[in-house]
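Report on the structure
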Amino acid sequence: APVASTCKLELVRGEERVALALESDWMPALKSSEKPAAGELAWAGYAISASEHKYDDLVGVDLRGKVAVAFWLEPGMR
């Protein structure tokens, strides 16, 4: 589905603000909210939990109240 041109992401640290370019710097997840979000970033790797493969990017990652940042696609597809 096309992403609205009004969709934007800005990183803020103290007084420093960095706007990221949609599609070249970042892409929202398909199930992302249309509402504004703000919070501390939490790295989620590929955000895959696959116990049958003994693989879990989210072990020990606390996402409560945070914005998850993850790779796009799957391992080996980049």
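The preceding data block contains the structure.
Report follows, based on the coordinates. (Residues numbered from 1 in each chain as written. Predicted model: local features only at pLDDT ≥ 70, side-chain atom pairs only at ≥ 80, totals over all residues. Heavy atoms only, no water.)

With respect to the layout of surface pockets
The gaps of empty space that remain are located by a probe, the size of a water molecule, rolled over the atoms. How we decide: Buriedness of a pocket was judged along seven lines, with at least five required to meet protein on both sides within 12 Å; pockets are open sets of points on a 1 Å grid over the protein atoms alone, cavities are sets where a 1.4 Å probe fits but cannot get out, and lining residues have an atom within 4 Å of a point. Grid points are joined across faces, edges and corners, and a volume is the space filled by probe spheres set on the points. Strands are runs of DSSP state E lasting at least two residues, helices are runs of H or I lasting at least four, and both sets are numbered from the N terminus onward. Each residue gets one of three labels, nonpolar for Ala, Val, Leu, Ile, Met, Phe, Trp, Tyr, Cys and Pro, charged for Asp, Glu, Lys and Arg, and polar for the others, Gly among them.
Empty space within the largest pocket amounts to approximately 1800 Å³. Contributing to the lining of the largest pocket are 42 residues, with Leu9, Trp26, Met27, Pro28 and Ser32 lying nearest its centre. Elements represented by at least two residues in the lining of the largest pocket include exactly strand S1 (9–13), strand S2 (16–20) and strand S6 (67–69). By residue number, the principal contributor to the lining of the largest pocket is S1, which donates five residues. Across the lining of the largest pocket, the residue classes break down as 27 nonpolar, five polar and ten charged.

Some points on unusual backbone geometry
How we decide: Note on classification: 1.4 Å probe, protein chains only; a residue is buried when its accessible area is under 20% of the maximum for its type, exposed when over 50%, partly exposed between these limits.
The phi torsion at Glu23 lies on the positive side, around 80°, for a residue other than glycine. Mapped onto the secondary structure, Glu23 falls in the loop between S2 and strand S3 (41–43). Given the relative accessible area of 58%, Glu23 is considered exposed. A positive phi angle, close to 55°, is found at Lys54, a residue other than glycine.

Some words on the pattern of salt bridges
The condition that has to hold: Criterion for a salt bridge: a side-chain nitrogen of Lys or Arg within 4 Å of a carboxyl oxygen of Asp or Glu.
Using the criterion set out here, one finds three salt bridges in the structure. We note a salt bridge from Arg13 to Glu16, for which the minimum N-O separation is 3.8 Å. The exposure class of Arg13 is exposed, given its relative accessible area of 65%. According to the relative accessible area criterion, Glu16 is partly exposed, its value standing at 44%.

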